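# Per-entry structural report
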Amino acid sequence: MGLPELKQTTTEARLAALSLPEGGCLEAARRAAVARVQTMGLPDRRDEYWKYTRPDTLTAADAPAAAVFDSGEAPMFDSFDRLRIVFVDGVFDAEASDDLALEGVSIERLADIDRKDIHWAKDIYGVLEARGQSPVERPLAALNTAFATDGVVIHVTGKPSKPINLVYQHASENSDAILHHVIKVDSGAEATILENGPAASRFNKAMEIDIADTGKLHLVRAQGRDHERRAATHLFARLGTESVFKSFTLTVNGVLTRNEAVVEFLGDDAVAHLAGACVGDGDFHHDDTVFVTHDAVNCESRQVFKKVLRNGATGVFQGKILVKEGAQKTDGYQISQSLLLDDDSQFLAKPELEIYADDVACSHGSTSGAIDEDGLFYLRSRGVPEAEATDLMTLAFLAEAVEEIEDDEIAASINDRLYGWLARRR
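Description of the structure in this document. (Residues numbered from 1 in each chain as written. Predicted model: local features only at pLDDT ≥ 70, side-chain atom pairs only at ≥ 80, totals over all residues. Heavy atoms only, no water.)

### Observations concerning the overall build of the protein chain
- When helices and strands are counted, the protein chain shows 9 helices and 19 strands.
- Expected size for 426 residues packed as a compact globule is a radius of gyration near 22 Å; at 21 Å, the protein chain falls within 12% of this value.
- With the principal axes as the frame, the protein chain shows a C-alpha extent of 70 × 50 × 50 Å.
- Burial analysis of the protein chain (426 residues in total) assigns 58% to the buried set.
- If you take every contact in the protein chain between residues at least 6 apart in sequence, the share linking residues at least 24 apart comes to 84%. (Helix = DSSP H or I, 4+ residues; strand = E, 2+ residues; numbered from the N terminus. Rg over C-alpha atoms; globule rule 2.2 N^0.38 Å. Buried < 20%, exposed > 50% of the residue type's maximum accessible area, 1.4 Å probe, protein only. Contact = heavy atoms within 4.5 Å.)

See below:
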């Protein structure tokens with residue numbers, strides 16, 4: 001059965017606006033991804049996992065214009081000693097970036113390895129994304145695999161002495177960026193990756209992460225702060241035995257942000273924590289869609305997502321934990337909560353558990369509500385002005401998500417930046 005006419009037209013128009021890179025070791029993966037897009041069609045509101053979020057500006061042939069926003073503040077993570085890799089409107093900027101040499105890790109541009117006939121990234125590029133298409137189709141991720149021409153390929157072989165910072169700068173009002181990153185973590189290796197910046201007027205990013213037995217990866221993202229930007233990000237992670245993956249995402253500003261995460265446990269005794277915090281004001285739509293599959297014994301997954309919304313902002317959370325038969329002693333936890341600072345904002349949640357093993361401890365919960373009046377009264381009775389008291393309670397609400405960041409200094413910097421943003425809105 002063919003695609004509905006509108007979906008077919010949208011898909012053909014988007015594909016026609018892009019050029020497929022040819023040759024190199026990734027060509028087969030790219031062509032397979034194009035075929036997936038053509039079969040699935042780009043998403044529309046009739047798709048189950050897009051019923052809360054309008055995808056039309058993400059699937060249009062041309063990117064909507066977005067004014068470049070100058071916050072006048074230092075970029076996130078600038079106070080840290082880190083290896084800095086800069087992309088401007090989705091294109092690697094060698095002059096603004098540091099030397100890519102760092103002990104315990106090798107870093108290459110996707111554009112460079114795409115011209116080679118043989119490379120280890122061939123075993124990961126598009127492979128995890130393709131696995132993540134079932135049972136939920138993710139056509140924007142397949143589109144990324146097909147047409148991304150830049151990104152980084154990171155092989156973590158040891159324990160680098162400092163984080164790797166991917167910086168996404170927005171310079172053109174009509175930029176339409178597609179980036180794809182591949183990360184391989186060897187057994188016993190460990191690294192931290194930081195991401196920050198608005199990236200482009202429209203941003204489609206995919207990250208495929210393969211963590212070997214006993215490997216560890218920490219990912220901290222700060223999205224924003226351009227008011228008019230639109231972004232769809234996709235994270236695919238595959239975990240081996242006793243491996244650890246911890247991810248935190250902070251989102252502020254933006255008309256539309258959709259963050260998808262797909263995590264698969266293939267080795268026993270592994271741990272994955274996924275957390276997110278967003279602060280939305282006005283014309284702001286933020287969607288976290290998460291799918292975690294337990295297919296190994298004694299693994300732990302934790303999802304913690306918090307959203308603070310006001311002036312008509314909208315937050316969405318769709319999270320699922322799938323425990324396959326034989327994945328005994330699974331510990332799966334999921335919580336999604338929103339703090340609505342007015343009556344015009346809304347939070348839409350769809351938490352799910354699907355369990356086929358009988359020796360598990362899984363739970364999920366979702367709540368939405370206004371600020372705690374008793375707590376607000378307590379602070380005000382001790383001389384704290386109402387606006388500042390509201391900000392302090394907002395930070396306390398977000399704290400459970402921020403605490404998922406393992407590095408205390410990075411967590412403190414996130415809290416400091418959040419407090420500064422909130423204070424300027426008083």
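### Side note on the packing of aromatic side chains
- Tallying each qualifying case throughout the model produces 5 aromatic pairs.
- Relative to Phe92, the ring of Phe87 has its centre 5.9 Å away and its plane inclined at 65°; by these criteria the two rings are edge-to-face.
- Residue class for Phe87 comes out buried when judged on its relative accessible area of 1%.
- A residue is classified by how much of its surface remains accessible, and Phe92, at 15% relative accessible area, is buried.
- A centroid spacing of 5.2 Å and a plane angle of 35° characterise the contact between Phe305 and Phe317, whose relative ring orientation is tilted. A residue pair is termed long-range when its members are at least 10 positions apart, and Phe305 in strand S15 (residues 300-310) and Phe317 in strand S16 (residues 314-323) qualify at 12 residues. (Phe/Tyr/Trp six-rings, centres within 6.5 Å; stacked < 30°, edge-to-face > 60°.)

### Points about the pattern of salt bridges
- The tally for this structure, following the rule as stated, stands at 34 salt bridges.
- Residue Asp176 is joined to Arg202 by a salt bridge in which the shortest nitrogen-to-oxygen separation is 2.8 Å. Highlighted residues: Asp176 in strand S6 (residues 176-185) and Arg202 in strand S8 (residues 202-211), separated in sequence by 26 residues.
- Arg202 gets classed as buried once you look at its relative accessible area, which sits at 2%.
- Each of the salt bridges in this network shares a partner with another, and the network as a whole consists of Arg138, Arg258, Glu260 and Asp287. (Salt bridge = Lys/Arg side-chain N within 4 Å of Asp/Glu carboxyl O.)

### What about the sheet that holds S8?
- Taken in spatial order, the 9 strands line up as S3-S4-S6-S8-S10-S12-S14-S16-S18 in an open sheet, and their pairing is mixed. Sheet topology places strand S3 (105-109) and strand S18 (346-355) at the edges, where each strand pairs with a single neighbour. Averaged over all adjacent pairs, the angle separating strand axes in this sheet is 10°, with direction ignored.
- Bridge count between strand S10 (residues 230-239) and strand S12 (residues 256-265): 10 bridges; the pairing is parallel. Along S12, the bridge assignment pairs Leu235 with Ala261. (Pairing = 2+ DSSP bridges. Axes fitted to C-alpha atoms, helices over the stretch in contact; angles between N-to-C directions.)

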